Amino acid sequence: MPVSLIDVPVEQRPRERLLALGPHALSDVELLALLLRHGRPGASALDLAVELLVEHGGLAGLAAARPEELSRRAGVGVAKAAALIAAFHLGSRARGETGSLVRLGAASDVAAVARPLFTGARVERLLVLVCDAQNQLRRKVFVAEGAVDQVAVPIREILNTVLRNDGRAFAVVHNHPSGDPTPSLDDRRATTLLAEAARTVGLRFLDHVVIAGEDWSSAPASTSHY
């Protein structure tokens, strides 16, 4: 039988400590154990949490882990791996939210909004930032994911995403897992195609930003403006 947190003395259980003292009183291990809920035969959820953090070098490494990497650990499996990834992504999205509408007035605004959403990403992903007529951000939607350093730019899906969300303007962002934010020739070509396609359907294309960790670059486009 898996070892449960029920087997831990009441005053030491993470859930009871969180309810009594608040989440800031709990260690990374305890918070992670709450998500795991159960361990495996001979190891509690706390033990399993320690193993995961050690194996991945801490929270940042664990947040960047792929589902198949997590599920291989005895006592984790597919369901817990999915729950962990969902928790990390919810936290990342929450950090990217603000209480008021953000206006994308420059490429730096696009990068600031998008950067938290790419934390720990080890494959290329393509994000669409949907804006209203005043360039105020309304939705953030991932539309594609590829192998390392390779993601196609689905022009039609990008435009459909903007239109489905009643957008009037949009920016696109993708990451370079290699760590170099320099736009490639394909990136610049994609920018040109996006600008032309947006103009055809009456949308305003704002920018195409490439993220690499904390660094970013704007892929040049002759029709990109605000």
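Predicted model only: the values in this text are computed from it and were never measured.

Rules used in this analysis
- Residues numbered from 1 in each chain as written.
- Predicted model: local features only at pLDDT ≥ 70, side-chain atom pairs only at ≥ 80, totals over all residues.
- Heavy atoms only, no water.
- 1 Å grid on protein atoms, 1.4 Å probe; cavity = no way out; pocket = protein on both sides within 12 Å on 5 of 7 lines; lining within 4 Å.
- Points joined across faces, edges and corners; volume = space filled by probe spheres on them.
- Helix = DSSP H or I, 4+ residues; strand = E, 2+ residues; numbered from the N terminus.
- Nonpolar A, V, L, I, M, F, W, Y, C, P; charged D, E, K, R; others polar.
- Phe/Tyr/Trp six-rings, centres within 6.5 Å; stacked < 30°, edge-to-face > 60°.
- Buried < 20%, exposed > 50% of the residue type's maximum accessible area, 1.4 Å probe, protein only.
- Contact = heavy atoms within 4.5 Å.
- Pairing = 2+ DSSP bridges.
- Axes fitted to C-alpha atoms, helices over the stretch in contact; angles between N-to-C directions.
- Polar contact = N/O pair within 3.5 Å; in protein donor to acceptor, adjacent residues only side chain to side chain.
- Core = buried A, V, L, I, M, F, W, Y, C linked by side-chain atoms within 4.5 Å.
- Salt bridge = Lys/Arg side-chain N within 4 Å of Asp/Glu carboxyl O.

Visitor: Whenever I open this one, the layout of surface pockets confuses me. Can you help?
Guide: A volume near 560 Å³ is recorded for the largest pocket. As for the largest pocket, its lining consists of 26 residues, and the residues nearest its centre are Ala-63, Ala-64, Ile-85, Phe-88 and His-89. For the lining of the largest pocket, the elements supplying multiple residues, two or more each, are helix 2 (28-36), helix 4 (59-63) and helix 6 (77-96). Considering every element that reaches the lining of the largest pocket, the biggest residue donor is helix 6, with 7 residues. Tallied by class, residues from the lining of the largest pocket come to 15 nonpolar, 5 polar and 6 charged.

Visitor: How do you make sense of the packing of aromatic side chains when you look at a structure like this?
Guide: How two aromatic rings sit relative to each other is set out by the distance from centre to centre and by the angle between their planes. Going through the model one piece at a time under the given rule, you end up with 2 aromatic pairs. Ring geometry for Phe-118 and Phe-142: centres 5.4 Å apart, planes at 70°, overall edge-to-face. Of this pair, Phe-118 sits in the loop between helix 7 (107-114) and strand 1 (125-131) while Phe-142 is found in strand 2 (residues 137-145), placing the two residues 24 residues apart along the sequence. Between the aromatic rings of Phe-170 and Phe-205, the centroid separation amounts to 5.4 Å while the plane-to-plane angle is 50°, which identifies the pairing as tilted. With a gap of 35 residues between them, Phe-170 in strand 3 (residues 169-175) and Phe-205 in strand 4 (residues 204-212) connect regions that are remote in the sequence. Per residue, the accessibility class of Phe-170 equals that of Phe-205, and both read buried.

Visitor: In this structure, what is going on with the side chain of His-56? I would like to understand it.
Guide: Take His-56: it is sitting in helix 3 (residues 45-56). Filtering out sequence-adjacent residues up to four positions away, His-56 remains in contact with Gly-61, Leu-62, Ala-65 and Leu-70.

Visitor: For this particular structure, what's the right way to read the sheet that holds strand 1?
Guide: A sheet is described by the order of its strands in space; here 5 strands give the open sequence 2-1-3-4-5, paired in mixed fashion. Edge positions in the sheet fall to strand 2 and strand 5 (215-218), since each of these pairs with one other strand and no more. Between one strand axis and the next, the sheet turns by 25° as a mean value, whatever way the strands run. Sitting on the sheet, helix 7 is in contact with strand 1, strand 2, strand 3, strand 4 and strand 5, with an inclination near 55° to strand 4.

Visitor: Explain the side chain of His-176 here, please?
Guide: Position of His-176 among the secondary structure elements: in the loop between strand 3 and helix 9 (185-200). Look at His-176 and you get buried, because its relative accessible area is 10%. One polar contact links His-176 to Asp-187, side chain to side chain, over a distance of 3.1 Å.

Visitor: Just checking my understanding: could you explain the nonpolar core for this structure?
Guide: Considering soluble globular proteins, one finds that nonpolar side chains tend to be buried as a cluster. Core analysis: the biggest nonpolar cluster contains 18 residues, and Leu-104, Val-110, Phe-118, Leu-127, Leu-129, Val-173 and Val-209 have the highest contact counts within it. When contributions to this core are tallied by element, the ones reaching two or more residues are helix 7, strand 1, strand 3 and strand 4. Ranked by residue count, the leading element in this core is helix 7, at 5 residues. The next biggest cluster of nonpolar side chains, apart from the first, holds 17 residues, and it includes Val-130, Val-143, Val-172 and Ala-198.

Visitor: Would you take a moment to explain the pattern of salt bridges for this structure?
Guide: Close approach of charged atoms allows side chains with opposite charge to pair. Applying the stated criterion across every chain yields a total of 13 salt bridges. Here Glu-214 and Arg-115 are joined by a salt bridge, their closest N and O atoms 3.9 Å apart. Taken together, the positions of Glu-214 in the loop between strand 4 and strand 5 and Arg-115 in the loop between helix 7 and strand 1 put the pair 99 residues apart, joining distant regions of the chain. Classification of Glu-214 as exposed rests on a relative accessible area of 61%. Of the residues examined, Arg-115 reaches a relative accessible area of 22% and is grouped as partly exposed.

Visitor: Which parts of the structure should I look at to understand the pairing of strand 5?
Guide: Two faces, one strand: in a regular strand the side chains alternate between the faces of the sheet. Here strand 4 runs beside strand 5; their pairing, made up of 4 bridges, is antiparallel. By the bridge assignment, Ile-211 is partnered in strand 5 with Trp-216. Hairpin remark: strand 4 followed by strand 5, antiparallel, with 2 residues in the connecting loop; positive phi at Gly-213, about 65°.

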